[in-house]
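Survey of secondary and tertiary structure
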Amino acid sequence: MIGVILVFRDISEGRRLAQQETEFVNTVSHELRTPLAIVKEGISQVVEGLHGELGAEPKDYLDTVLRNVDRLSRITNAILDFSRLESGKVVLKKVLFDIAELSNEVVTGFRQSAKDKGLELRCLICGEKVMVLADRDKIAEILVNLIGNALKFTDHGYVEVALTEQAGAFEFTVADSGRGIAQEDLPKVFNKFEQFGRVAGPGEKGTGLGLSIVKGLVEQHGGRIRVESELGKGSKFIFTLPKKDEK
Amino acid sequence: MAKILLVDDEIEFVEMIAFRLAKTGGYDVVSAYDGEEGLRKARSEHPDLIILDIWMPKKDGYQVIKELKGSEETARIPVIFLAASNLPQTLEKVKAAGGADYILKPFDPPVLMTKIKTVLEKNNV
């Protein structure tokens, strides 16, 4: 009987801790997002001219502030996503959707950044219809991370998104003609807090969590991810999604 | 002109959003700074739409929508939740509570305006 009581205690303690953790993540999320929302709204109103016309120079400054608020939002999301993945709290909401259409949406969102860097952004799957059963938001997050990284670390040439159908799985490739990764660094690419290809000096450093989150999300879908790369010759990130719902 | 009730305990945020809704959307905006005040104003002001924060003192967003849905006078007023967490549990709770939509802070202003327009149109306002 004592044993039984202890088991109940353990379950109840486990639930209490899980509840406490959820509340903590909610609180941190609230405390980070609320001031960001106020800053973003205030600056947006001034930039939009809702409080009077703004000169070109102050507008440029405030555009920079807005971009950095978005950067803070991305980092906040990455840290919170990571903490949820680490604690196994990411619950996939699988729906049947056209992944080619989603890829097109994500790629379209990066067209301007690619143009600004003089890069060719190719989407080789965007005209087809490929239905998959997966969590649409999480797949978008995977693509945003991989395409964003590819653009960030490519100075000349192209970034290419492609899809091939394999036995039992769809295989996605995000390839680039960028800086590439040294052979000795390849095994560490998906480790948390690892960062490669960073150029010393000013600019966004990132959290080193993006690829770790991507790997976690791919694996939650029952897929696998790998990287092929050579220093100075670009990188290729390949991930699979099973055709059958395995989870 | 559609009337929107904006309920959030962050005073500066409410003032800014109220200004945007009036200036760019032409909406008539009423503000409240906690759940109880939100409920009182929902009953007295008869808004066409309520934008409702979740984490608030006195009564949180879930309690407010429960009371709104429980009263014939306010049951049909659509609610857009302001969420500050994208935990799946939170989003499930928002859906289950009967909100017409939700928006995660911080958001792009056009996204909020589009959601408001869509919900109002769905409700023939």
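Here the structure is shown first, and the text comes after it.
Here we summarise the structure given alongside this text. (Residues numbered from 1 in each chain as written. Chains lettered and ligands numbered in written order. Predicted model: local features only at pLDDT ≥ 70, side-chain atom pairs only at ≥ 80, totals over all residues. Heavy atoms only, no water.)

Remarks on the interface of chain A and chain B
Definition in use: Residue contacts are counted whenever heavy atoms from the two residues lie within 4.5 Å of one another. As a working definition, buried area equals the accessible area (1.4 Å probe) given up by two parts on being put together, with both sides summed. Within this document, salt bridges are pairs made up of a side-chain nitrogen of Lys or Arg and a carboxyl oxygen of Asp or Glu, the two lying within 4 Å of each other. Polar contacts here mean pairs of N or O atoms no more than 3.5 Å apart (in protein, one a potential hydrogen donor and the other a potential acceptor; neighbouring residues in sequence count only if both atoms are side-chain atoms). The way it works is that DSSP assigns letters per residue, a run of H or I at least four long becomes a helix, a run of E at least two long becomes a strand, and they are numbered from the N terminus.
The interface is formed by 26 residues belonging to chain A together with 25 residues belonging to chain B. For the pair chain A and chain B, the summed buried surface comes to about 2400 Å²; carbon and sulfur atoms form 62% of the total. Seen at the junction of chain A and chain B, the total is three salt bridges. Between Glu48(A) and Arg20(B) there is a salt bridge, and its shortest N-O distance comes to 2.9 Å. Seen at the junction of chain A and chain B, the total is seven residue pairs in polar contact (both at pLDDT 80 or more). Listed by contribution, the elements that provide at least two residues to the side of chain A that touches chain B are α1 (2-47) and α2 (56-86) of chain A. At 17 residues, α1(A) tops the list of elements feeding residues into the side of chain A that touches chain B.

Some words on the sheet that holds strand β4 (residues 158-166) of chain A
Residues and elements named next belong to chain A. To be explicit about the condition: A strand pair is defined by DSSP finding two or more bridges across the two strands. Throughout, an axis means a line fitted to C-alpha atoms (over the contacting stretch in the case of helices), and angles, computed between N-to-C directions, take values from 0 to 180 degrees.
In space, the five strands of this open sheet follow the order β2-β4-β5-β7-β6, with mixed pairing throughout. Either end of the sheet is taken by a strand with one partner, and the two such strands are β2 (120-123) and β6 (225-229). The sheet shows a mean angle of 15° between the axes of neighbouring strands, taken without regard to direction. Relative to strand β7 (residues 235-242), β6 is paired through five bridges, and the arrangement is antiparallel. Of the residues in β7, the one forming a bridge with Ile-225 is Phe-239. The sheet strands contacting helix α3 (residues 99-116) are β2, β4, β5 (169-176) and β7, and the helix crosses β2 at an angle near 175°. Sitting on the sheet, helix α4 (residues 136-152) is in contact with β2, β4, β5, β6 and β7, with an inclination near 170° to β7.

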